[in-house]
Amino acid sequence: MKRKTLDSRILTINTGSSSIKFALFNAADSLTRILEGTITRIGLPNACFQMKGVDPADNFSRIVAAPNHTAANNLLIDWFEKHIGLDAKVTVGHRIVQGGLKYSEPQLITPKMIAALRELSSLDPGHVPEEIRSIEALYRRFPALSQIACFDTAFHHDMPRVAQMLAIPRRFEAQGVRRYGFHGLSYSFLMEELSRVAGPEAVKGRVILAHLGSGASLAAVRDGKSLDTSMG
């Protein structure tokens, strides 16, 4: 792939417990996907780096050495630097699984936020620490990049309190232990697509949404607001 010279680009990164998924979009006029890819099976001997671009010549799938997320991040960043170029015209958006009580809107990532996310790691030790590693790896190589956190819990942030409560002593709730709900970025996308495909009236009233994958959940929505979700 030749280095891109587009005016404005958005790189999205979804860091999971054993994978990193990413996509690059041209955002100069309308959002157009340039490429997408994954590094999967991180921590296993047969980790796989896959890429799919607009040009079929850019497509590849290869076995790589990725014994941990640090190695996977370095592989990915090396590839970005060589083939794409990451500069001030690129904005990076990260899917952050857990936003806790504090974060309910996309925000610019700062050192203060990183410190807050470390404190939230105990609520999701399988995702948040690796998401922090991805953010910090990019900062070390490209400190001028703007990085934005998009929180998976944000869609459910204002659920009715009865939907937030767990059957545990209230003193734990004061420490932030509650039902947060997840897959919120997926649900936000589904609501936008429902409105686009079926019209604005379709998202009014009562809607049941399903996120189906290795992790699956349902959400009950009324007038665009989450009322309850099956994943706490």
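Every chain is numbered on its own, with residues counted from 1 as its sequence reads. Per-residue local features of the predicted model are confined to residues with pLDDT of at least 70, and side-chain atom pairs are confined, for both listing and counting, to 80 or more; whole-chain, interface and lining totals are unaffected and use all residues. Side-chain measures here rest on the full set of heavy atoms in the structure, leaving out hydrogens and waters.

Some thoughts on the overall build of the chain
Working step 1: Going along the chain from the N terminus, every DSSP run of H or I of four or more residues is numbered as a helix, and every run of E of two or more is numbered as a strand. In terms of helices and strands, the chain carries six helices and 11 strands.
Working step 2: Both definitions apply: the radius of gyration is a C-alpha atom measure, and the globule rule equals 2.2 Å times residues to the power 0.38. The C-alpha atoms of the chain give 19 Å as radius of gyration, which agrees with the globular expectation for 232 residues (17 Å, within 12%).
Working step 3: Expressed along its principal axes, the backbone C-alpha trace of the chain runs to roughly 55 × 40 × 35 Å.
Working step 4: Burial status follows relative accessibility: with a 1.4 Å probe on protein chains alone, a residue under 20% of its type maximum counts as buried, one over 50% as exposed, and anything between as partly exposed. Expressed as a percentage of the 232 residues in the chain, the buried residues total 42%.
Working step 5: Counting contacts in the chain only where the partners sit at least 6 residues apart, residues at least 24 apart contribute 55% of the total.
Working step 6: Surface summary for the chain: the accessible area is close to 12400 Å², and the carbon and sulfur share equals 56%.
Working step 7: Charge assignment: positive for Lys and Arg, negative for Asp and Glu; neither His nor the chain ends contribute. Think of each charge as sitting on NZ of Lys, CZ of Arg, CG of Asp or CD of Glu. Mean positive and mean negative side-chain charge positions of the chain (28 and 22 charges, respectively) differ by 3 Å. When checking whether two residues touch, look at their non-hydrogen atoms; a contact exists if any pair is within 4.5 Å. Computed with a 1.4 Å probe, the accessible areas rest on the Shrake-Rupley method; for each residue, only the protein chains presented here act as cover.

With respect to the sheet that holds strand β11 (residues 225–229)
Working step 1: Reading across from one edge, β9-β10-β11 is the order of the three strands in this open sheet, with antiparallel pairing throughout. The open sheet has two free edges, formed respectively by β9 (206–211) and β11, since each of these has just one partner strand. Mean inter-strand twist for the sheet, computed between neighbouring axes without regard to direction, equals 30°.
Working step 2: Here strand β10 (residues 217–222) pairs with β11 via four bridges, running antiparallel. If DSSP finds at least two bridges between two strands, the strands pair. Throughout, an axis means a line fitted to C-alpha atoms (over the contacting stretch in the case of helices), and angles, computed between N-to-C directions, take values from 0 to 180 degrees.

Here we look at empty space enclosed by the protein
Working step 1: Cavities and pockets were defined on a 1 Å grid built over protein atoms only: a cavity is a set of grid points that admits a 1.4 Å probe from which the probe cannot escape, a pocket is an open set flanked by protein on both sides within 12 Å along at least five of seven lines, and lining residues are those with an atom within 4 Å of any such point. Grid points are joined across faces, edges and corners, and a volume is the space filled by probe spheres set on the points. According to the stated counting rule, one finds one cavity of 30 Å³ or more in the structure shown.
Working step 2: Quantified by volume, the largest cavity comes out at close to 50 Å³.
Working step 3: Every residue along the wall of the largest cavity is listed here: Ile 13, Ile 20, Asn 73, Leu 76, Ile 77, Phe 80, Ser 134 and Leu 138.
Working step 4: Counting only elements with at least two residues in the lining of the largest cavity, the list comes to α1 (69–83) and α3 (128–141).
Working step 5: In terms of residue count, α1 provides more of the lining of the largest cavity than any other element does, four residues in total.

Re the sheet that holds strand β2 (residues 20–26)
Working definition: the strands of a sheet are paired by backbone hydrogen bonds and lie parallel or antiparallel to each other.
Working step 1: Taken in spatial order, the eight strands line up as β5-β4-β3-β2-β1-β6-β8-β7 in an open sheet, and their pairing is mixed. Each edge of the open sheet is held by one strand with a lone partner, namely β5 (60–64) and β7 (107–108).
Working step 2: In this structure, strand β6 (residues 90–96) lies alongside strand β8 (residues 146–151), joined through six bridges in parallel fashion. Counted as the bridge partner of Ile 96 is Phe 151 from β8.
Working step 3: Strands in contact with α3 are β1 (9–15), β2, β6 and β8; relative to β6, the strand with the most contacts, it is inclined by about 165°.

Focus: the environment of Ile 96
Working step 1: Positionally, Ile 96 belongs in strand β6.
Working step 2: Placed 44 residues apart in sequence, Ile 96 and Lys 52 show a C-alpha to C-alpha distance of 24 Å.

Some thoughts on helix α2 (residues 111–120)
Working step 1: Within α2, burial applies to Met 113, Ile 114, Ala 116, Leu 117 and Leu 120. Projected down its long axis, α2 shows its buried positions confined to an angular sector of 160°, all on one face. For α2, the exposed residues set more than 90 degrees away from the buried face come down to Pro 111, Lys 112 and Glu 119. Arc definition: directions from the helix axis to the C-beta atoms.

Some thoughts on the pairing of β1
Working step 1: Residues Arg 9, Leu 11, Ile 13 and Thr 15 of β1 are buried on one face, while the alternating residues Ile 10, Thr 12 and Asn 14, pointing to the opposite face, are not.
Working step 2: Pairing geometry for β1 and β2, over seven bridges, is antiparallel. What sits directly across from Leu 11, in β2, is Leu 24.
Working step 3: What sits between β1 and β2 in their antiparallel hairpin is a turn of four residues.
Working step 4: Pairing between β1 and β6: six bridges, direction parallel. Across the sheet, the residue bridging to Leu 11 is Val 92, located in β6.

Points about the nonpolar core
Working step 1: Grouping buried Ala, Val, Leu, Ile, Met, Phe, Trp, Tyr and Cys residues that are joined through side-chain atoms within 4.5 Å yields what is termed a nonpolar core. Formed by 28 residues in total, the largest nonpolar core has its most connected members in Leu 11, Phe 22, Phe 49, Trp 79, Phe 80, Leu 86 and Leu 138.
Working step 2: Elements with a contribution of two residues or more to this core: β1, β2, β3 (32–40), β4 (47–53), β5, α1, β6 and α3.
Working step 3: If sequence neighbours within four positions are ignored, Phe 80 has contacts with Leu 11, Phe 22, Gly 85 and Leu 86.
Working step 4: Membership of the second largest hydrophobic core comes to 13 residues, among which are Ile 109, Ala 116, Ile 132 and Ile 135.

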